[in-house]
Amino acid sequence: MEFPVKTEALVVQSAGAAFEMTPIVIDELRPDEVLVEMKYSGFCHTDMLVQQGVLPGLELPAIPGHEGAGIVRAIGSQVKDKTLRVGDAVLLSFTVCGQCAPCGEQRLTKCVVHPVVNFRATRLADNTTSARLARDGRPVRSQFFGQSSFARLSAVHEVCVVKCPYPDDLAVYAPLGCGYQTGAGTVLNMLKPRTYDSIVIFGMGCVGSAALMAAAHLQVRQIVAVDVVERKLALARELGATDTVDSAGNTAGLAEQVRALTGGGASFCVDTTGVPAVIEQMLDCLAHGGTAASIGAPPGGARIQVDVAAFFYQNKNWVSVIEGDSFPPKFIPELMELHRQGRFPIDKICKVYPIEDLDRAMADMKSGEVIKPILQFS
């Protein structure tokens, strides 16, 4: 394929502006990049943060999207995966520097510049971007999470690319690159509950639902789903929750209710909301020796209050988990196989929308009508 290449993308021009389909030009493909024609992209809460202009280090205009799925159209000359071919179906995950000690040990979620390299939406090496606006030539940030999957064509960093052997299921598998692997990986890779444990999951969106499905796969004895939307709790019961708690208007008494439900506290807790008041309650829900995981992004500058003595003497633990502590080239294929075996039923929580229906997809996600909207490029 010859460059420059003309295409179009959903661009956020300024904080608070709408997602606008905009003509762009991709000037070049670097040796370590792969040109991907997007077929589908999951829509995530983080993409709304781009629109709100609150992500640290991200300048606008920018192209959001970080759960892409599509077809390889060109391959840079120095891409390390020599099995990759033009025409391959691929899923896209996060990017990393590839140079720090954690990256060298394949602990990619621990990359020391993980927030910078994913949120800044430019190439790490020189802070450049591959795309510009067609109408005036201004640069547009076009490597959000290394991929900017809200573009029909995108120059993607090679680290993001995971081959998909099931091209007919690209739509269902698109969110494996972030939301699904974040929730499932937190349970399967980090917490690893046993069958006799209990786990409480706060927030039944995409990430929380994936965590629930992973716990159900492990046949955890008690799985408690917490949310403020009844239809989400009903779906949680269908996915394997043994108990549900409607926390609407009851944040202050939530910990006491959960402790009673779990017989003194949970072995594990997972917060997907990032809401400080919920995090405080989550820590109070833990049993002696229990572990809590924060996997939802909190607002900048947020603080919580913890009874440090009680936390210490009860030997509790609290960890943050990025992207499910996963190694995507290995973990994403494992999740695909779990789905095909009927043990990770992600098709129950997603719905495909034409890219032109983005506003409806966003509204349905906010209302709880759908858990995971997936955008389809026509």
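Residues numbered from 1 in each chain as written. Predicted model: local features only at pLDDT ≥ 70, side-chain atom pairs only at ≥ 80, totals over all residues. Heavy atoms only, no water.

For the chain, an unreviewed UniProt entry supplies the name Chaperonin 10-like protein and the organism Lasiosphaeria ovina. Its UniProt record, at the heading Cofactor (unreviewed entry), says of the chain: "Zn(2+)". The record in UniProt for the chain states the following under Sequence similarities (unreviewed entry): "Belongs to the zinc-containing alcohol dehydrogenase family." (UniProt positions renumbered as here; feature names shortened; annotations may be inferred.)

Colleague: Teacher, can you tell me more about the packing of aromatic side chains here?
Modeller: Two aromatic rings, taken as a pair, are described by how far apart their centres are and by the angle between their planes. All chains considered together, the criterion is met by eight aromatic pairs. Here phenylalanine 19 and phenylalanine 43 contribute two aromatic rings whose centre-to-centre distance is 5.9 Å and whose plane-to-plane angle is 75°, an arrangement assigned as edge-to-face. Note that phenylalanine 19 is positioned in strand β2 (residues 19-26) and phenylalanine 43 in the loop between β3 (33-42) and α1 (45-52), a separation of 24 residues in sequence. Take phenylalanine 19: its relative accessible area is 12%, and that puts it in the buried class. We note arginine 340 situated over the ring of tyrosine 166; from NZ or CZ to the ring centre the distance is 3.6 Å. (Phe/Tyr/Trp six-rings, centres within 6.5 Å; stacked < 30°, edge-to-face > 60°. Helix = DSSP H or I, 4+ residues; strand = E, 2+ residues; numbered from the N terminus. Buried < 20%, exposed > 50% of the residue type's maximum accessible area, 1.4 Å probe, protein only. Lys NZ or Arg CZ within 6 Å of the ring centre and 35° of its normal.)

Colleague: Honestly, helix α8 (residues 254-262) in this entry has me stumped. Any pointers?
Modeller: Each turn of an α-helix holds 3.6 residues, which means side chains three or four residues apart point in the same direction. Those residues of α8 lying buried are Leu254, Ala255, Val258 and Thr262. When α8 is viewed along its axis, its buried side chains cluster within an angular range of 95° and face the same direction. Away from its buried face, by an angle of more than 90 degrees, α8 presents the exposed residues Glu256 and Ala260. Taken together, the buried residues of α8 touch β10 (198-202), β11 (222-227), β12 (243-246), β13 (266-271) and α9 (276-285). Following α8 by one or two positions, glycine 263 adopts a phi angle in the positive range, close to 75°. (Arc of directions from axis to C-beta. Contact = heavy atoms within 4.5 Å.)

Colleague: So what exactly am I meant to see when it comes to the packing of helix α5 (residues 179-191) against helix α6 (residues 206-217) here?
Modeller: Where α5 contacts α6, the two axes come as close as 7 Å, and the packing angle between them is 40°. In terms of orientation, α5 and α6 fall into the oblique class. Here the hand of the crossing between α5 and α6 comes out right-handed. Contacts between α5 and α6 involve Gly179, Tyr180, Thr182, Gly183, Ala184, Val187 and Leu188 from the former and Cys206, Val207, Ala210, Ala211, Ala214, Ala215 and His217 from the latter. A per-class count over the contact of α5 with α6 returns ten nonpolar, four polar and no charged. (Axes fitted to C-alpha atoms, helices over the stretch in contact; angles between N-to-C directions. Parallel < 35°, antiparallel > 145°, perpendicular 65-115°, else oblique. Left-handed = near helix turned anticlockwise from the far one by under 90°. Nonpolar A, V, L, I, M, F, W, Y, C, P; charged D, E, K, R; others polar.)

Colleague: Looking at this model, I keep getting lost on the packing of α1 against helix α12 (residues 358-367). Mind explaining?
Modeller: Their axes nearest at 12 Å, the elements α1 and α12 cross at an angle of 115°. Handedness of the α1/α12 crossing: left-handed. Residue-level inspection shows His45, Met48 and Gln51 of α1 in contact with α12, the latter providing Met362, Met365 and Lys366. Class assignment for the residues of the contact of α1 with α12 results in three nonpolar, two polar and one charged.

Colleague: Explain the sheet that holds β11 here, please?
Modeller: Picture the strands of a sheet paired through backbone hydrogen bonds; they go either parallel or antiparallel. With parallel pairing, six strands are arranged side by side in an open sheet as β12-β11-β10-β13-β14-β15. Since the sheet does not close on itself, it has two edges, and those belong to β12 and β15 (317-320), each with one partner. Averaged over neighbouring strand pairs, the angle between their axes works out to 15° when direction is ignored. Across four bridges, β11 lies against β12 in parallel orientation. In the strand pairing of β12, aspartate 227 is matched with aspartate 246. Here α8 sits on the sheet and contacts β10, β11, β12 and β13; the angle it forms with β11, its principal contact strand, is near 160°. (Pairing = 2+ DSSP bridges.)

Colleague: It is not clear to me how the environment of glycine 264 should be interpreted in this structure. Could you clarify?
Modeller: By secondary structure assignment, the location of glycine 264 is in the loop between α8 and β13. What makes glycine 264 partly exposed here is its relative accessible area of 48%.

Colleague: Looking at this model, I keep getting lost on the side chain of glutamate 158. Mind explaining?
Modeller: In this fold, glutamate 158 is placed in the loop between β8 (153-157) and β9 (161-163). Looking at glutamate 158, its side chain comes within polar contact range of the main-chain nitrogen of lysine 80, at 2.8 Å. Not counting residues within four places of it along the chain, the set of residues in contact with glutamate 158 comprises Asp32, Glu33, Val34, Gln78, Val79, Lys80 and Asp81. (Polar contact = N/O pair within 3.5 Å; in protein donor to acceptor, adjacent residues only side chain to side chain.)

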